[in-house]
Amino acid sequence: VSTQSTGNTNLFYYHFKKKTKKLKKKKKKQKMSLKKTSGVREVNCVTLDFLHNEIIDYCIRSSENLTIAASKIDRIGFRIGQRLIERLSKDKPRVSETLDVIKFICKDFWKDAFQKPIDNLRTNHKGIFVLTDNKHRCLTNISSSSSSIASEQLQCYALLSCGIVRGALENLGIEATVVAEVQQIPICVFTLKCK
């Protein structure tokens, strides 16, 4: 009798463990709200676009004037850039040449931060780099026919990206000023002046 009950008990535990494993796998799949690709978690691009727009709108609404809002937006972008570049460059060899760092920013970092590499990179080989993004992600949701957005407010939308790039450069050991010029929506030209 004891052998039979032990056999039933073992059979019960076998099925119990099997079902538990299936349930754990199912729950794990349900809990994953972020898609995991090659060890890097990705967030839906639409969510990032909404977050970007809300950060800008919040800073503009909560500030007394656009200068204060621009300062807040730049600081937020700077911290984002520092964190993004830490995550992106942790497994890569350290690059010391300024031109190589800028190329890394244009190819790898820009693709990670804005879902595409930069369209054009020009330099005078004296510390000034001009990066052209013909379809800048942060400006794609703004209507070009909208007259309700003043040019100062439009500049604030590009300012977050300036802060992101400046923070990334500083973490890579390059102190620079980054200025964005929105010539025509969604074309944005970034000028980097390395110190």
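Cut-off values and rules
Per chain, residues are indexed from 1 in the order of the written sequence. It should be noted that, the model being predicted, local features are given only for residues of pLDDT at least 70 and side-chain atom pairs only at 80 or more, the latter also being counted only at that level, while totals for whole chains, interfaces and linings use all residues. Calculation of side-chain values draws on the structure's entire complement of heavy atoms; hydrogens and water are dropped beforehand. Labels follow the DSSP assignment, with helices taken as runs of H or I lasting at least four residues and strands as runs of E lasting at least two, numbered in each case from the N terminus. Take the number of residues in a helix, subtract one, and multiply by 1.5 Å to get its expected span. Note that the bend at a residue is defined as the angle between axes fitted to the seven residues ending at it and the seven residues starting at it. Every case where a carboxyl oxygen of Asp or Glu lies within 4 Å of a side-chain nitrogen of Lys or Arg is listed as a salt bridge. Exposure is judged per residue with a 1.4 Å probe applied to protein chains only, and the accessible area is read against the type maximum: over 50% gives exposed, under 20% gives buried, and values in between give partly exposed. When the centres of two rings from Phe, Tyr and Trp lie within 6.5 Å, Trp using its six-membered ring, the rings pair. Their planes under 30 degrees apart give stacked, over 60 give edge-to-face, and anything left gives tilted.

Caption draft 1: Representation of helix H5 (residues 151–171). Relative to the 30 Å expected for 21 residues at 1.5 Å per residue, H5 spans 30 Å between its end C-alpha atoms, a close match to the ideal helical length. The sharpest bend along H5 reaches about 30° and sits at Ala158. After H5 finishes, the residue Gly173 shows a positive phi value of roughly 95°.

Caption draft 2: Focus on the pattern of salt bridges. Taken as a whole, this structure holds eight salt bridges when the rule is applied. Its salt-bridge partner being Arg87, residue Asp112 comes within 2.8 Å of it at the nearest N-O pair. Remark: Arg87 occurs in helix H3 (residues 66–89) and Asp112 occurs in helix H4 (residues 98–114); sequence separation between them is 25 residues. On the basis of relative accessible area, Asp112 is assigned to the partly exposed category, the value being 28%. With a closest N to O distance of 2.8 Å, Lys116 and Asp133 form a salt bridge. In this pair, Lys116 is assigned in the loop between H4 and strand S3 (120–123) and Asp133 in strand S4 (residues 128–133), connecting sequence segments 17 residues apart.

Caption draft 3: Fine view of the packing of aromatic side chains. Tallied over the full model, the rule gives two aromatic pairs. Measuring from ring centre to ring centre gives 4.8 Å for Trp110 and Phe114, while their planes differ by 50°; the resulting arrangement is tilted. Residue Trp110 and its partner Phe114 are both found in helix H4; the two are separated by four residues, about one turn of the helix. The interplanar angle of 70° and the centroid separation of 5.2 Å between the aromatic rings of Trp110 and Phe190 together place this pair among those described as edge-to-face. Remark: Phe190 occurs in strand S6 (residues 187–194) and Trp110 occurs in helix H4; sequence separation between them is 80 residues. Judged on exposure class, the residue Trp110 and its partner Phe190 are both buried.

By themselves these figures say nothing about function.
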